[in-house]
Amino acid sequence: MAVKDPTAVERANLLNMAKLSIKGLIESALSFGRTLDSDYPPLQQFFVVMEHCLKHGLKVRKSFLSYNKTIWGPLELVEKLYPEAEEIGASVRDLPGLKTPLGRARAWLRLALMQKKMADYLRCLIIQRDLLSEFYEYHALMMEEEGAVIVGLLVGLNVIDANLCVKGEDLDSQVGVIDFSMYLKSDDEIGGKERNVQIAAILDQKNYVEELNRQLNTVNSLHARVDSLEKSNTKLIEELAIAKNNIIKLQEENHQLRSENTLILMKTQHHLEVTKVDVEAELQTYKHSRQGLDEMYNEARRQLREESQLRQDMENELMVQVSMKHEIELAMKLLEKDIHEKQDTLIGLRQQLDEVKAINMEMYQKLQVTEDAMKEKNEIISRLEDKTNQINATMKQLEQRLQQTEKAQVEAENEDEKLKEEYVNKSERLQKEFSQKEKQLLQLETDLKIEKEWRQTLEDDLQKEKETISQLRIETQEIINLKKEFLNLQEKNRQLKRVCQDQEAALQELASKLSESKLKIEDIKEANKVLQGQVWLKDKEATHCKLCEKEFSLSKRKHHCRNCGEIFCNACSDNELPLPSSPKPVRVCDSCHAILIQRCSFNVP
C-alpha cells in the first residue's frame, strides 16, 4: 500500500472537524434561538477548531528571548488587505487584560463572528498566497484547497447572531482542546433527519435573502455614484459652454487687433520714407559744418587742458597750506594744555607741601601730648601698686576672720558668683584693650604685664575671699573707675591711629619726591608685604615653644615670626639684627631669618 502524506491526513481531519463544528453550531443555534453567548459549548468548540486550523503549518519565528508560534501575525495582515478590518484590529489592541498575541487572535475571531465578516476576512487572506507564505509552510491548511473550503463553510455562520463579551474574559490562559463527544451521533438524532432538511432549506433561503440585500446595497451605492457623476457632468457642460463663448470673443478681439496692426504698419512705412529724405539732407549739411567744428574743438580742448593743469597746481598748493595751518593750530593747543597742566600740578604740589608741613606740626604736638599722657599713666600705675600692697596687708587680716565668717559663706555664694562673672567679663575686656595698646605702644609692655600679674593675684584672692562682700564691692568700684580710664585711653589711641594713618597716606604720596624718607618707606613696605596673608595662632593653641617645647609664662614671652608663622620664646630667639629704620636691634627667626614680633599673653583678635 502506498504511504499517505501525514500533512494531507492532518488537513483532511481538520477539514472534517471544521465541517462538523460549523454544522453542529448552526443546528444547535437554530434550535436554541440563534442568539448565542460566550458560554455556549458548541460555540467554544468552534473557536477551538478554528484556532487549530489557523495554527496548522504555521512557521516558527525567532524572537529576542524565545521561539514564537502564534496566529496573530497573519490575522493582523488582514487590515492591510481589507480596509474595513482596521476597526476590529484597533479595538483588539485597545482591549485591557490581553497580554499575549494568542489572546489577541482569539478576541479577533470572536469580534469577526459578531460582525458576520469572518468569511470575508479569511477569503482576502487566502487569495494573497505570496503574503501567507511568510507565516505558513507550503503544506499548511491555509495554503491548500482545504482552506478555501473552510472559508466557504464559514459563510453559513452569517445565520447566527452572537452576543459575546470579550472585555472581561481571560483569553490568554484558555486551553484549546477539541471535545469529540459532542459530534458522536445518537439514535434520537438519526430520527430527526427530516427536521434537519427543513432547517437546511430555511437556511438556504436566509442566505439567499442576505446575498440579495448585499447586492441591493451595492446597487444603491452605484446609483449614488451615477447621480454624482451626472451632476458633475452637467457642471462640466456649463463650464464648456462658457469657455466656448469666451473663445469666440477672444477670436473677434484678435481679428480687430490684426486689422489695427496692418494700418499702423502702413503709416509707419510712409513716415519712415519721409524721415529718410530729411536725414540725408541733414547729413550733407552736417558734413560741411563738421570740418569747422573739429578745428574749434581742438583749440578749445588744448586750452581746457592748460587751464585744468593750472587749477590742479593751485589746489595742491592750497591743500598743503591748509594742512600746515591745521598742524600749527594743533601744536598750539597741545602747548597750551601742557602749560595749564604743569601750572595745575605746581599749584597742587605746593598745596600738598603746605598740608604735609601742617600735618607734621600737628603730629609733633600730638606726640608731646601722648608723652604727657604716658607719664600720667605711669603715675596711675604706681598708685595701683600702692593699693595692691594695702590689699595684701588687709588679706592677712582677713585670713584670721575666715573662721568666723564660714556660716555667712553659704548665703553670700550666690551674690559672689554673679560678681565674679561680672569681674571676669570686665577683666576680659581689659585684656582686649591692653592687647590693642601693646601693638602700638611698645614702651608700656612691662607696665601692662605687671598690671596683669596684679590682676591674676586679685583673682586668686577673690576665690579665697568669697565671704568679704563689702570689701569686694569697694574693689569693683575701683575697677570700674579703671575701666573708664582705659576707655578714655582707648579713644585717644584710636584718634592717634587715625592721625597716623593720614600721615602714612600723605607720606606715600610724596615718597617719589622726598628722597630723604625713601629708605624708611621701603622698610615699611617690606614689613607690610611680609605681614600680609599671615594669621597668628590663638593664645589657647600656642602654649609651648617650637624649639625648647617649654610652656610660655611671664618670664618666657612669645615671639612671632612674620614669614614662617612659628612662635618662639625669648630664650630661644637670641639672634638679633640691626636695621637702619629702627634704633634698636631686632630679633630674627632661627629657621627663616625673618623678623620676630613680640606677642603679648592676652588674647589677640
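Student: Quick one: what's the story with the overall build of the chain, residue by residue and with numbers?
Tutor: Scanning the chain from N- to C-terminus turns up 15 helices and nine strands. Evaluated residue by residue, the chain yields a buried proportion of 28% over its 605 residues. A separation threshold of at least 6 residues defines the contact pool for the chain, and within that pool the share at least 24 residues apart is 70%. Taken as a whole, the chain presents about 43700 Å² of accessible surface, with 54% of it coming from carbon and sulfur.

Student: Tell me what's going on with the packing of aromatic side chains, and back it up with residues and numbers.
Tutor: By convention here, two paired aromatic rings are described through the distance between centres and the angle between planes. This structure, assessed with the given rule, holds three aromatic pairs. Seen in terms of ring centroids, Trp108 and Tyr121 are 5.7 Å apart; in terms of plane orientation they differ by 45°. Their pairing is tilted. Of the two residues, Trp108 sits in helix 6 (residues 101–115) while Tyr121 sits in helix 7 (residues 118–127), which places them 13 residues apart along the sequence. Take Trp108 and Tyr121: they sit in the same class, and that class is buried.

Student: Which residues make up the pattern of salt bridges, and what values go with them?
Tutor: All chains considered together, the criterion is met by 10 salt bridges. For Arg93, the salt bridge goes to Glu76, with nearest N and O atoms at 3.2 Å. Here the residue Arg93 occupies a position in helix 5 (residues 86–94), and Glu76 occupies one in helix 3 (residues 72–76), the gap between them amounting to 17 residues. On the basis of relative accessibility, which here comes to 38%, the residue Arg93 falls in the partly exposed class. Arg93 is the salt-bridge partner of Glu79, the closest N and O atoms lying 2.9 Å from each other. Separated by 14 residues along the polypeptide, Glu79 in helix 4 (residues 78–81) and Arg93 in helix 5 bring together distant segments of the chain. One salt-bridge network, held together by shared partners, links Glu51, Lys55 and Arg106.

Student: Account for the side chain of Ser21, with residues named and values stated.
Tutor: With respect to the element layout, Ser21 can be found in helix 1 (residues 6–32). Polar contacts involving the side chain of Ser21 include one to the main-chain carbonyl oxygen of Ala18, which spans 3.0 Å.

Student: Can you tell me about the nonpolar core, naming the residues and giving the values?
Tutor: Counting residues in each nonpolar core, the largest one holds 64 residues, and the members touching the most others are Phe46, Trp108, Met118, Leu122 and Leu154. If near-sequence neighbours (up to four positions away) are discounted, Leu154 is found in contact with Ile22, Phe46, Met50, Met118, Ala119 and Leu122.

Student: Report on helix 6, specifying residues and quantitative values.
Tutor: A rise of 1.5 Å per residue sets the reference length of helix 6, with its 15 residues, at 21 Å; its end C-alpha atoms lie 21 Å apart and thus fit the reference within 8%. Within the span of helix 6, buried status applies to Gly103, Ala105, Arg106, Ala107, Trp108, Leu109, Arg110, Leu111, Ala112 and Leu113. Packed against the buried residues of helix 6 are helix 2 (41–55), helix 3, helix 4, helix 5, helix 7 and strand 4 (161–162). Phi turns positive, to about 60°, at Lys116, one or two residues after helix 6.

Student: Outline the packing of helix 1 against helix 2, supporting the account with residue identities and numerical values.
Tutor: Two numbers describe a pair of packed helices, the interaxial angle and the distance between the axes. Between helix 1 and helix 2, the shortest axis-to-axis distance is 9 Å and the interhelical angle comes to 155°. It follows that helix 1 is roughly antiparallel to helix 2 by the angle criterion. For the pair helix 1 and helix 2, the crossing hand works out as left-handed. Residues Leu14, Met17, Ala18, Ser21, Ile22, Leu25 and Ser28 of helix 1 form the contact with helix 2, whose own contacting residues are Pro42, Leu43, Phe46, Val49, His52 and Cys53.

Student: Can you explain helix 5? Please cite residues and give values.
Tutor: Every buried residue of helix 5 is listed here: Ile88, Gly89 and Val92. Relative to the axis of helix 5, the buried residues are bounded by an arc of 100° and lie together on one face. For helix 5, exposure combined with an orientation more than 90 degrees from the buried face picks out Glu87 and Asp94. Tucked into the core, helix 5 has its buried residues touching helix 3, helix 4, helix 6 and helix 7.

Student: Please give an account of the environment of Ser228 that cites residues and values.
Tutor: Positionally, Ser228 belongs in helix 11 (residues 193–401). For Ser228, a relative accessible area of 41% puts it in the partly exposed group. A polar contact is formed between the side chain of Ser228 and the backbone oxygen of Arg225, at a distance of 2.6 Å.

Student: Kindly report on unusual backbone geometry, identifying the contributing residues and their values.
Tutor: Across the chain, the bulk of peptide bonds are trans and the bulk of non-glycine residues have phi less than zero. Although it is not a glycine, Lys116 sits at a positive phi angle of roughly 60°. In this structure, Lys116 sits in the loop between helix 6 and helix 7.

Rules behind the numbers
- In this numbering scheme, every chain counts its residues from 1 along its sequence in written order.
- In view of the model being predicted, local features appear only for residues whose pLDDT reaches at least 70, and side-chain atom pairs are presented and counted only at 80 or more, with totals across whole chains, interfaces and linings using the full set of residues.
- Values shown for side chains rest on all heavy atoms present in the structure; no hydrogens or waters enter the calculation.
- Where helices and strands are cited, they refer to DSSP runs of H or I of at least four residues and of E of at least two residues respectively, numbered from the N terminus.
- Only protein chains enter the calculation, and the probe is 1.4 Å; a residue is then buried if its accessible area is under 20% of its type maximum, exposed if over 50%, and partly exposed in between.
- Should any heavy atoms of two residues lie within 4.5 Å, those residues are considered in contact.
- The protein chains shown are the only cover counted for residues, whose accessible areas, like all others here, come from Shrake-Rupley with a 1.4 Å probe.
- Here is the rule: rings of Phe, Tyr and Trp (six-membered ring for Trp) pair when centre to centre is within 6.5 Å. Planes less than 30 degrees apart are stacked, more than 60 are edge-to-face, and the remainder are tilted.
- One side-chain nitrogen of Lys or Arg within 4 Å of one carboxyl oxygen of Asp or Glu is enough to make a salt bridge.
- Under the rule applied, a polar contact is a pair of N or O atoms within 3.5 Å (in protein, one hydrogen donor and one hydrogen acceptor; residues adjacent in sequence only if both atoms are side-chain atoms).
- As used in this record, nonpolar core signifies buried Ala, Val, Leu, Ile, Met, Phe, Trp, Tyr and Cys residues forming a set joined through side-chain atoms within 4.5 Å.
- In this analysis, the expected span of each helix is defined as 1.5 Å times one less than the number of residues it contains.
- Lines fitted to C-alpha atoms define the axes, with helix axes restricted to the stretch in contact, and inter-axis angles between N-to-C directions lie between 0 and 180 degrees.
- Relative orientations are named as follows: roughly parallel for angles under 35 degrees, roughly antiparallel for angles over 145 degrees, roughly perpendicular for angles from 65 to 115 degrees, and oblique for any other angle.
- Each crossing gets its hand from how the near helix is turned against the far one by less than a right angle, where anticlockwise is left-handed and clockwise is right-handed.
- The directions from the helix axis to the C-beta atoms form the arc being described.

Any functional reading would require information beyond the geometric quantities listed.
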